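Observations on the three-dimensional arrangement
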Amino acid sequence: YQRRAREAVVSTQSTGILSKLPIGDVATQYFADRDIFCAGRVTQEDLNRTVKACGGTILTTVNDIREADMGQCDLFEEVQIGNDRYNLFTGCPKAKTCTLILRGGAEQFIDETERSLHDAIMIVRRALKNDSIVAGGGAIEMELSKELRNYAKTIHGKEQLLITAYAKALEIIPRQLCDNAGFDATTILNKLRQKHAQGAKWMGMDITSEDIADNFEACVWEPSIVKKNALTAACEACCTILSIDETVKNPNSNYKAPNAMPGM
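Presented here is a report on the structure given in the accompanying data block. This structure is a prediction, so every number in the text was calculated from the model and none was measured.

**Considering the overall build of the chain**
The number of helices and strands found in the chain is nine helices and eight strands. Whereas a compact globule of 264 residues would reach a radius of gyration of roughly 18 Å, the chain reaches 30 Å, over 25% beyond that. Across its three principal directions, the C-alpha atoms of the chain cover 85 × 80 × 35 Å. A separation of at least 24 residues holds for 42% of the contacts in the chain among residues at least 6 apart in sequence. In the form shown here, the chain has an accessible surface area of approximately 19,700 Å², with 54% of it arising from carbon and sulfur atoms. Seen as two clouds, the 31 positive and the 35 negative side-chain charges of the chain have centres 4 Å apart.

**Concerning the pairing of strand β7 (residues 211-214)**
Note on strand geometry: in a regular strand, side chains alternate between the two faces of the sheet. Pairing of strand β6 (residues 203-206) with β7, which is carried by four bridges, proceeds in the antiparallel orientation. From the neighbouring strand, D206 faces β7, where its bridge partner is D211. Here β6 folds back onto β7 in antiparallel fashion, the turn holding four residues, of which E210 has a positive phi close to 55°.

**Observations concerning the layout of surface pockets**
A probe matching the size of a water molecule, rolled over the atoms, marks out where space remains unfilled. Space inside the largest pocket adds up to approximately 1,500 Å³. Considering the residues around the largest pocket, the lining is formed by 43 residues, among which V9, G16, I17, L18 and S19 are closest to the centre. Breaking the lining of the largest pocket down by element, the ones donating at least two residues are α1 (2-11), β1 (16-18), α2 (25-33) and α3 (44-54). Among the residues forming the lining of the largest pocket, the class breakdown is 23 nonpolar, 16 polar and four charged. Of the pockets and cavities examined, the second largest pocket occupies roughly 980 Å³. Every element with two or more residues in the lining of the second largest pocket is listed here: α3 and β4 (84-90). The biggest single contributor to the lining of the second largest pocket is α3, with six residues.

**Overview of the nonpolar core**
In this structure, M142, C178, F183, A185, I188, L189, L192, M203, M205 and I212 together form the largest nonpolar core, which totals 10 residues. Sorting the residues of this core by element identifies α8 (185-197) and β6 as the ones contributing at least two each. Counting residues per element, this core draws most heavily on α8, at four residues. L189 has contacts with M142, E171, P174 and R175, leaving out every residue within four places of it along the chain. Grouped together as the second largest cluster of nonpolar side chains are seven residues, V9, Y30, I36 and C38 included.

**Some words on the side chain of E143**
Relative to the helices and strands, E143 resides in helix α5 (residues 139-152). When its relative accessible area of 12% is taken as the criterion, E143 is described as buried. When neighbours within four sequence positions are excluded, E143 is seen to be in contact with H196 and K201.

**Comments concerning the packing of α1 against α2**
Packing of α1 against α2 brings their axes to within 11 Å, and their N-to-C directions diverge by 30°. As far as their axial angle goes, α2 and α1 are roughly parallel. For the pair α1 and α2, the sense of crossing is right-handed. Seen from α1, the contacting residues are R6, E7, V9 and V10; seen from α2, they are V26, A27, Y30 and F31. Within the contact of α1 with α2, the residues separate by chemical class into six nonpolar, no polar and two charged.

**Remarks on a nonpolar patch on the surface**
Nonpolar side chains collect at one region of the surface, where L100, L102, L117, I121 and M122 lie side by side and expose about 400 Å² of accessible area between them. Mapped onto the fold, M122 is located in helix α4 (residues 107-129). By relative accessible area, M122 is classed as partly exposed at 32%.

The rules behind each value
Residues numbered from 1 in each chain as written. Predicted model: local features only at pLDDT ≥ 70, side-chain atom pairs only at ≥ 80, totals over all residues. Heavy atoms only, no water. Helix = DSSP H or I, 4+ residues; strand = E, 2+ residues; numbered from the N terminus. Rg over C-alpha atoms; globule rule 2.2 N^0.38 Å. Contact = heavy atoms within 4.5 Å. Areas by Shrake-Rupley, 256 points an atom, 1.4 Å probe, with all protein chains shown as cover. Lys, Arg positive; Asp, Glu negative; His and termini not counted. Charge placed at Lys NZ, Arg CZ, Asp CG, Glu CD. Pairing = 2+ DSSP bridges. 1 Å grid on protein atoms, 1.4 Å probe; cavity = no way out; pocket = protein on both sides within 12 Å on 5 of 7 lines; lining within 4 Å. Points joined across faces, edges and corners; volume = space filled by probe spheres on them. Nonpolar A, V, L, I, M, F, W, Y, C, P; charged D, E, K, R; others polar. Core = buried A, V, L, I, M, F, W, Y, C linked by side-chain atoms within 4.5 Å. Buried < 20%, exposed > 50% of the residue type's maximum accessible area, 1.4 Å probe, protein only. Axes fitted to C-alpha atoms, helices over the stretch in contact; angles between N-to-C directions. Parallel < 35°, antiparallel > 145°, perpendicular 65-115°, else oblique. Left-handed = near helix turned anticlockwise from the far one by under 90°. Patch = residues over 30% accessible without salt bridge, like charges linked within 9 Å, V, L, I, M, F, W, Y side chains within 5 Å. Salt bridge = Lys/Arg side-chain N within 4 Å of Asp/Glu carboxyl O.

Now the structure itself:
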């Protein structure tokens, strides 16, 4: 049966075989003698991605293999990158994605780079799915803070204090951006307050010039839904904390056992 299975695969004139199950040494050598690449123990995720990019079908048997079941690509090569070997499929007819290989000197650097790339990709994805955008760099937070401060002046009672505190909390975003970039946060925020008071609602922090700029014209954008979700989550978290009027403390955590008597 194994010999017939190998002959059935060779008869399809394929140049590569991917299998979720392990491929024995005899079969590997048999395919290698006929210039056919084979790889075993391929994960299901990699198989699914390869099928989406190259076409074809994941088969459970080698009997009656049709041409429609076989994927295609312009070039397949095995490349040594660092200490690892990678199988690269290029020129795939149905490919809509690409693979990024991250390399670095330390694992924490790779993890941080991966998180940064993931955040950037998700922001672009959000922007493509939602056509409403606002200026980034703290511009929208400063504009909301200005509007809330003006609105608070029209409110009587203690609600004015709450709205003012909310407006002050929004300035944390541009202040943190300044601290991350090593800028003087006080100077930048004073400039932003002045510009927003004059009606320049898209003025935000410009990290390249260490100053402020019209971030909407500079194409520093963020999807509106991201800002809405952030404000909603922050409000819900704040309401949850304020709704807790009592905390439970375990007295045993502060209990210290008496010292043992000598000789015990």
